[in-house]
Amino acid sequence: MANGEKRIVIAGAGSIGCYVGGCLALAGRQVVLFARPRIEASLRQGGLRVSDLEGRDRLIKPAELAVTTDPAAALPGADVILVTVKSGTTLEMAALIKAHARPDAVVVSLQNGVDNADRLRAALGPRTVLAGMVPFNVVQSADGELPLRVHRASDGKVMVEDGDARLAHLLDAEGLAVETHGAMKAVLWGKLLMNLNNALVALSGLPLATELADRRWRLILASQIDEALLAMKASGIEPARIAGLRPTLLPKVLRLPDWLFKLLARRMLAIDPEARSSMWDDLQRGRSTEIDDLQGAVLRLAEKAGTPAPTVQLIKALVRAAEAERLGSPDLVPEKVVAPPAGRRST
Ligand SMILES: NC(=O)C1=CN([C@@H]2O[C@H](COP(=O)(O)OP(=O)(O)OC[C@H]3O[C@@H](n4cnc5c(N)ncnc54)[C@H](OP(=O)(O)O)[C@@H]3O)[C@@H](O)[C@H]2O)C=CC1
Ligand SMILES: CC(C)(CO)C(=O)C(=O)O
């Protein structure tokens, strides 16, 4: 079957789903966006604007988009299903896939965290489920802005688990570089190290580039990564290189003075000045975050391995407190994170 004849369903069209689906639709692939009513209404009204750090800026008109909120309309025709919901709704999406999709549809998780592909596998039985990893940040326009815009705010190649030779070819499109990888567990643990920063961006309310440029925040990130690396080493997990740096070098580079960090970590800092993190998006929208899949995964590993992880524990507690308050980012300064006030220390 030619690429244009395969139907790709985006299961949970939000920031990542609309960006990936938009690039694929613009490249002539048959794409169906399975979305919530808020996103569906916005796409039907104004279409989808897909832009990126390299200056591409493209519009898909409403009439050219296939979008639905109905799983019974979206999923039965799928050849490939890209799962782009947050980790907390993976099982809900798995149940919809099981109920509506053909057994031979290939399911790919494009989510953060190390457990989502396994969750899908456990729920979907003998179907083909592949892990994937999205390295870049996508900024979604404010609610009500038309057309809905998704902007890729950093770069990097999407990694998809080896297992279907034609898949990378199908998914590779302008603005969306895709490669296969033979050791996705290592890739996911490598990405998790970077994602330990999602919480710091969420807690600070700062754009990612501003936060990373401040050594006080980088020291907290470096401590979290040290604790995660210790737990991984004790558990026999070797994380893959994600931001061009060997994982074991990350804490050292993060601890450098600002001027040297800016010089050496140019690739890490090549980010749109407005980009934050998907966890910041969740706090702003009053939703629960993926903290249990990021810091929580490290804590589970550390507990099993018997290694200490006090900084990771503290960050998880602060995010939980901010989630409970539902007031968006608490806009903390780094000193508050190191020595949090008593009221913010629940788990
Ligand atoms: N945003 C980013 O820059 C990056 C995100 N990631 C990862 O990608 C994954 C997706 O993140 P992101 O795109 O930011 O998340 P979003 O919340 O923007 O998108 C997920 C969308 O799926 C919708 N959804 C959830 N359940 C269903 C359902 N049953 N039917 C239809 N739609 C549903 C959500 O709606 P609702 O909210 O109403 O439930 C939401 O609109 C996460 O694991 C994240 O960590 C990875 C790299 C970067
Ligand atoms: C910002 C980025 C790309 C890396 O931390 C991310 O994965 C996210 O926002 O979830």
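The model shown is predicted, which means the values in this text are computed figures rather than measured ones. (Residues numbered from 1 in each chain as written. Chains lettered and ligands numbered in written order. Predicted model: local features only at pLDDT ≥ 70, side-chain atom pairs only at ≥ 80, totals over all residues. Heavy atoms only, no water.)

A. Just the side chain of Ser-51, in detail. Note that Ser-51 resides in strand S3 (residues 48-52). Looking at Ser-51, the relative accessible area reads 2%, which means it is buried. Of note is the side chain of Ser-51, whose polar atom sits 2.9 Å from the side chain of Arg-149. Leave out the neighbours within four places in its chain, and Ser-51 touches Tyr-19, Arg-56, Asp-57, Arg-149, Val-150, His-151 and Arg-152. (Helix = DSSP H or I, 4+ residues; strand = E, 2+ residues; numbered from the N terminus. Buried < 20%, exposed > 50% of the residue type's maximum accessible area, 1.4 Å probe, protein only. Polar contact = N/O pair within 3.5 Å; in protein donor to acceptor, adjacent residues only side chain to side chain. Contact = heavy atoms within 4.5 Å.)

B. Structural context of the packing of helix H7 (residues 184-204) against helix H14 (residues 310-325). One way to put it is that H7 packs onto H14 with a least axis distance of 10 Å and a crossing angle of 45°. When the interaxial angle is binned, H7 and H14 end up oblique. Considering the relative orientation of H7 and H14, their crossing is left-handed. Judged by residue contacts, Ala-199, Leu-200 and Leu-203 of H7 engage Ile-315, Leu-318 and Val-319 from H14. For the contact of H7 with H14, the residue count by class is six nonpolar, no polar and no charged. (Axes fitted to C-alpha atoms, helices over the stretch in contact; angles between N-to-C directions. Parallel < 35°, antiparallel > 145°, perpendicular 65-115°, else oblique. Left-handed = near helix turned anticlockwise from the far one by under 90°. Nonpolar A, V, L, I, M, F, W, Y, C, P; charged D, E, K, R; others polar.)

C. Expanded view of the site of ligand 1. Ligand 1 sits among 27 residues. The nearest are Ile-16, Asn-112, Val-138, Arg-287 and Glu-290. The contact in question runs from an oxygen atom of ligand 1 to an N or O atom on the side chain of Lys-86, over 3.3 Å. Against a free-state accessible area of 880 Å², the protein chains account for coverage of 90% of ligand 1. Secondary structure elements with two or more residues in the shell around ligand 1: helix H1 (15-26), helix H4 (90-100) and strand S9 (138-140). No other element matches the three residues that H4 contributes to the shell around ligand 1. In terms of residue class, the shell around ligand 1 is made up of eleven nonpolar, ten polar and six charged. Both domain 1 (3-182) and domain 2 (186-344) contribute no fewer than three residues apiece to the shell around ligand 1. (Near = heavy atom within 4 Å. Areas by Shrake-Rupley, 256 points an atom, 1.4 Å probe, with all protein chains shown as cover. Domains from an automatic or database assignment.)

D. Structural view of the nonpolar core. Ile-81, Val-83 and Ile-97 are the most contacted members of the largest nonpolar core, which has 81 residues in total. Counting residues per element, this core draws most heavily on H7, which supplies 13 residues. Each of two domains, domain 1 (3-182) and domain 2 (186-344), supplies a minimum of three residues to this core. If you look at the next biggest cluster of nonpolar residues, it comprises 38 residues, including Leu-33, Val-50, Leu-130 and Leu-171. (Core = buried A, V, L, I, M, F, W, Y, C linked by side-chain atoms within 4.5 Å.)

E. Looking closely at the pairing of strand S8 (residues 129-133). In terms of burial, S8 is largely enclosed, as five of its five residues are buried. Residues Val-129, Ala-131 and Met-133 point to one face of S8 and Leu-130 and Gly-132 to the other, with burial holding for every one of them. Of the pairings in the sheet, the one linking strand S7 (residues 106-109) to S8 comprises three bridges and is parallel in character. Along S8, the bridge assignment pairs Val-108 with Leu-130. With helix H5 (residues 116-124) bridging S7 and its parallel neighbour S8, the resulting β-α-β unit is right-handed. As judged from the two bridges shared by S8 and strand S11 (residues 158-161), these two strands associate in the antiparallel manner. Bridging across to S11, Met-133 finds its partner in Met-159. (Pairing = 2+ DSSP bridges. Right-handed = clockwise from strand over helix to strand, strands pointing away.)

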